[in-house]
Amino acid sequence: MNVLRQDLQRLAALAEQAAPAADQAVPADPWRPGFHLAPAVGFLNDPNGLCRFRGEYHVFYQYAPFDPEGRSVRFWGHYKSRDLLNWETCPVMLCPDAPFDLHGVYSGSALCGEDGLYLYYTGNVKEEEGDYILTGRESNTVLAYSPDGVHLAWKRLLMRNEDYPPELTLHVRDPKVWEEDGRYYMVQGARTREDAGEALLFESTDKLRWTHIHTLRTEEPFGYMWECPDIFEIDGQQLLLTCPQGVRRRGPGFENPYACGYFPVSGDVRSRCVLGEFVPLDYGFDFYAPQTFTDGQRRLLVGWMGMPDADYKNPTAAQGWQHCLTVPRELRWEDGRLRMRPARELEALRGRIRETAFSGRCEMEVSPMSDLLVSCEGDLSLNLSGAELRTEEGTLALTIREGGCGRTRRTAPVDTLRNLRILADASTLEIFVNDGETVLTAKWYPEDRRRTLALEGRGRVTAYDLQPMNLVRSPAP
Ligand code: FRU
């Protein structure tokens, strides 16, 4: 192992160990999630390299271990688990320690091989000067190889900017790789010189040499850059998931600084295909850069519960950490749309249950970690310690009246509200509407540890207290 990597890994481990018992919900930090992956110290963004390798789930993530504000270089942090409930924090997997990734080991994905784990990512290099669009940066495609999924054997530069199509700026990143019919494919997000976002498709037979074979784009530009693309087929439907930057803010699903959603794809992504209309994946404040993978049974998605360049504040930065990942969500394509539901494993965290029918107003105290199921007929208004959901003329409005720290209001198109499932953690809300047809993901920071759920309408509520998941640290490298 090279000396710089060893030092960086040790420093990151020391930073994590200096955080007093911060891995679990501790009394000193009322906003630390109990069943979401969040770093003990530092800043987390995109999930990376999601996979199930030799019976274990691996979740890597964009990590700035020394800086809870996220202004410094990125590493790949690492968690693993056999069952999505008992997790282990592993030493950081990838460090910015090579000339081709000096200013950040940016987002990427994993390919499980017979002989080990192959991690593809963007090596970010920034020069002292430049406009950082046409000059002053490098976006390198890098492959890192680990024989056991925990220790790194080598990394190797595969492609540089001059290897990408000539119509592009220097913004090319976030390789997502998969295997199909004995070949390997890679999709990367890109920004053209004309400021249009697109997705580049590459092919390889040996995981090392890649050829650009096709570009997926819309007829009219849809944003100037597509970050974190992902291509897959689900229940017979092909999709391109991506996060377009620069799409005009225009109502439900497009109210955040950057968009996040999917294009249905018809045709062959390798040669000729057409992108259908873009559908937002989430209608809340804090959801970005999701990645999917299959575990042999189903396709799961994990997203970053955050948003780049948002003007709202997360008070946890003052406690030394910021952001978390969403729970793993199961995907299905049903009735012409993508549905997300919490992975069924999470039901094992359910503890005490209370159930009641309501007609008119109803109020109950719930745990800061709760799984709330509400079914209803007609209009509903729900308030969970300052976060309010209300049916309003074909929409469901989320208004955060207390503890939003700048988050105020988002709306989602919902014709008829039939049911809600809310996974509430210490400072996070994942709201699944009508069996996961529509989702709103948001953070909020109620001052009071007690949580009060107030409902108004007609329906039935089932409230489960949730236990925290188990998170242990593996020994320092
Ligand atoms: C998305 C993103 C990616 C990039 C990474 C850097 O949030 O900007 O495009 O690889 O974050 O941390």
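A quick note: this is a predicted structure, and the numbers were derived from the prediction, not measured.

Basis of the calculations
Residues numbered from 1 in each chain as written. Predicted model: local features only at pLDDT ≥ 70, side-chain atom pairs only at ≥ 80, totals over all residues. Heavy atoms only, no water. 1 Å grid on protein atoms, 1.4 Å probe; cavity = no way out; pocket = protein on both sides within 12 Å on 5 of 7 lines; lining within 4 Å. Points joined across faces, edges and corners; volume = space filled by probe spheres on them. Helix = DSSP H or I, 4+ residues; strand = E, 2+ residues; numbered from the N terminus. Nonpolar A, V, L, I, M, F, W, Y, C, P; charged D, E, K, R; others polar. Near = heavy atom within 4 Å. Polar contact = N/O pair within 3.5 Å; in protein donor to acceptor, adjacent residues only side chain to side chain. Areas by Shrake-Rupley, 256 points an atom, 1.4 Å probe, with all protein chains shown as cover. Sits in = over half its atoms within 2 Å of the grid points. Salt bridge = Lys/Arg side-chain N within 4 Å of Asp/Glu carboxyl O. Buried < 20%, exposed > 50% of the residue type's maximum accessible area, 1.4 Å probe, protein only.

A. Up close: the layout of surface pockets. The space that makes up the largest pocket amounts to roughly 1,200 Å³. Put simply, the second largest pocket is a space of about 500 Å³. In terms of lining residues, the second largest pocket is bounded by 24 residues, among which Val177, Trp178, Glu179, Thr294 and Arg299 are the most central. Elements supplying a minimum of two residues to the lining of the second largest pocket: strand E1 (42–53), strand E5 (105–113), strand E9 (168–180), strand E13 (225–234) and strand E18 (288–294). By residue number, the principal contributor to the lining of the second largest pocket is E9, which donates five residues. Residues that form the lining of the second largest pocket fall into these classes: 11 nonpolar, four polar and nine charged.

B. Spotlight on the site of the ligand. The environment of the ligand is formed by Asn45, Asp46, Gln62, Arg74, Tyr106, Ser107, Arg173, Asp174, Glu227 and Tyr288. Between the ligand and Gln62, the relevant distance is 2.7 Å, taken from an oxygen atom to a side-chain nitrogen or oxygen of the residue. Taking Glu227, its side chain carries an N or O atom lying 2.8 Å from an oxygen atom of the ligand. For the ligand, the protein covers 90% of the area, taking 320 Å² as the surface of the free molecule. Given that more than half its atoms are within 2 Å of the pocket grid, the ligand belongs to the largest pocket. Of all elements in the fold, only E1, E5 and E9 reach the threshold of two or more residues within the shell around the ligand. Looking at the shell around the ligand residue by residue, the classes come out as two nonpolar, three polar and five charged.

C. Representation of the pattern of salt bridges within the structure. Under the counting rule described, the total for this entry stands at 41 salt bridges. Taking the shortest distance from any N to any O, the salt bridge between Glu198 and Arg217 comes out at 3.0 Å. With Glu198 in strand E11 (residues 197–204) and Arg217 in the loop between strand E12 (211–216) and E13, this pair connects stretches of sequence that are 19 residues apart. By relative accessible area, Arg217 is classed as partly exposed at 44%.

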